[in-house]
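Fold and geometry: a report
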Amino acid sequence: MNQEIKACIFDLDGVIVDTAKYHFTAWRNLANQLGFDFTEKDNEKLKGVSRVDSLNLILQWGGLNFSDNIKTELATDKNEDYLSYIQKMTAAEILPGVVPFLNELKELNIKIALGSASKNAVTILKQVGIIDYFEAIIDGTKVVNGKPHPEGFLMAASELGIVPANCLVFEDAPKGVQAALAAKMFVVGIGKEEDLGTAHFVMADFEKKKFKAIEEKLLSLTLR
Ligand code: BG6
Ligand code: MG
């Protein structure tokens, strides 16, 4: 099998931009209004998890349950609050090294896609000015099955016309790493080894990272 990398699929939140802090603030505002609180450590469990599943988990932590109609209202309120932070974002909030890395991929003719659970992905990419880098955008509006299901990454590969074995995913969430492995793709974890140890390898961020060096390292490993 030809294992060269022809496409990179990026998760958004926590890989391209640090929006986890805005999700945390907006969910916490909602929990506080409902009379309970949760910690930043709890918030880790929401990474890569869809809006509705995040709400269900948070309500569980608060020992609350509501009808589907009320839950839709709560999720909408949270999203409006979240978007008020997003609307203030600038290109300065793109994580270090991401733009030079995307430029290197363009120069090398490596295809670029987004594979995110967020329904706000297009808004965020436009807000920080990098939407034109992405040839395919698979987000929470397009997938039925959230991570760790491989659906989103497989859709991205198919839209790019590249087989999964030639795709490399960048992910910061354990569930996202699982999804990429289930899609039989290469996966580099962005964050800490202790959280993302099942990835092919883990790096803290994109700062000073070169695609060619990453590809070489990955190709020396066997696809798991
Ligand atoms: C993921 C985030 O990328 O998107 C989750 O890691 C978030 O924290 C999910 O819940 C859905 O995001 P949104 O923008 O559709 O509410
Ligand atoms: Mg993420």
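To be clear, the structure that these remarks concern was listed above.
Residues numbered from 1 in each chain as written. Chains lettered and ligands numbered in written order. Predicted model: local features only at pLDDT ≥ 70, side-chain atom pairs only at ≥ 80, totals over all residues. Heavy atoms only, no water.

With 5 of 5 residues buried, strand β4 (residues 167-171) is to be regarded as a mostly interior element. Side chains of β4 alternate between two faces, with C167, V169 and E171 and L168 and F170 buried alike. Here strand β1 (residues 7-10) pairs with β4 via 4 bridges, running parallel. If you follow A7 over to β4, its bridge partner there is C167. Sheet topology note: the β4/strand β5 (residues 186-190) ladder contains 4 bridges and is parallel. Residue pairing across strands places V169 opposite V187, the latter belonging to β5. (Buried < 20%, exposed > 50% of the residue type's maximum accessible area, 1.4 Å probe, protein only. Helix = DSSP H or I, 4+ residues; strand = E, 2+ residues; numbered from the N terminus. Pairing = 2+ DSSP bridges.)

Moving on, we get to the packing of helix α1 (residues 20-33) against helix α4 (residues 68-86). Interaxial distance between α1 and α4 falls to 9 Å at its minimum, and their mutual angle equals 140°. Here α4 runs oblique to α1, going by the angle between their axes. As for how α1 packs across α4, the hand of that crossing is right-handed. Contacts from Y22, H23, T25, A26, W27, N29 and L30 of α1 reach α4 at L74, K78, D81, Y82, Y85 and I86. Residue composition of the contact of α1 with α4, grouped by class: 8 nonpolar, 3 polar and 2 charged. (Axes fitted to C-alpha atoms, helices over the stretch in contact; angles between N-to-C directions. Parallel < 35°, antiparallel > 145°, perpendicular 65-115°, else oblique. Left-handed = near helix turned anticlockwise from the far one by under 90°. Contact = heavy atoms within 4.5 Å. Nonpolar A, V, L, I, M, F, W, Y, C, P; charged D, E, K, R; others polar.)

Once that is clear, we can look at the coordination of the magnesium ion (ligand 2). In the first shell of the magnesium ion (ligand 2), the protein supplies D11 (OD), D13 (O) and D172 (OD), at 2.0 to 2.1 Å from the metal. Positions of the donor residues of the magnesium ion (ligand 2) along the chain correspond to the pattern D-x1-D-x158-D. Of this pair, D13 sits in the loop between β1 and α1 while D172 is found in the loop between β4 and α8 (174-182), placing the two residues 159 residues apart along the sequence. Like D13, the residue D172 is buried in the burial classification. (Donors = N, O, S within 2.8 Å, 3.2 Å for Na, K, Ca; no water.)

Read these as spatial facts, not as claims about activity.
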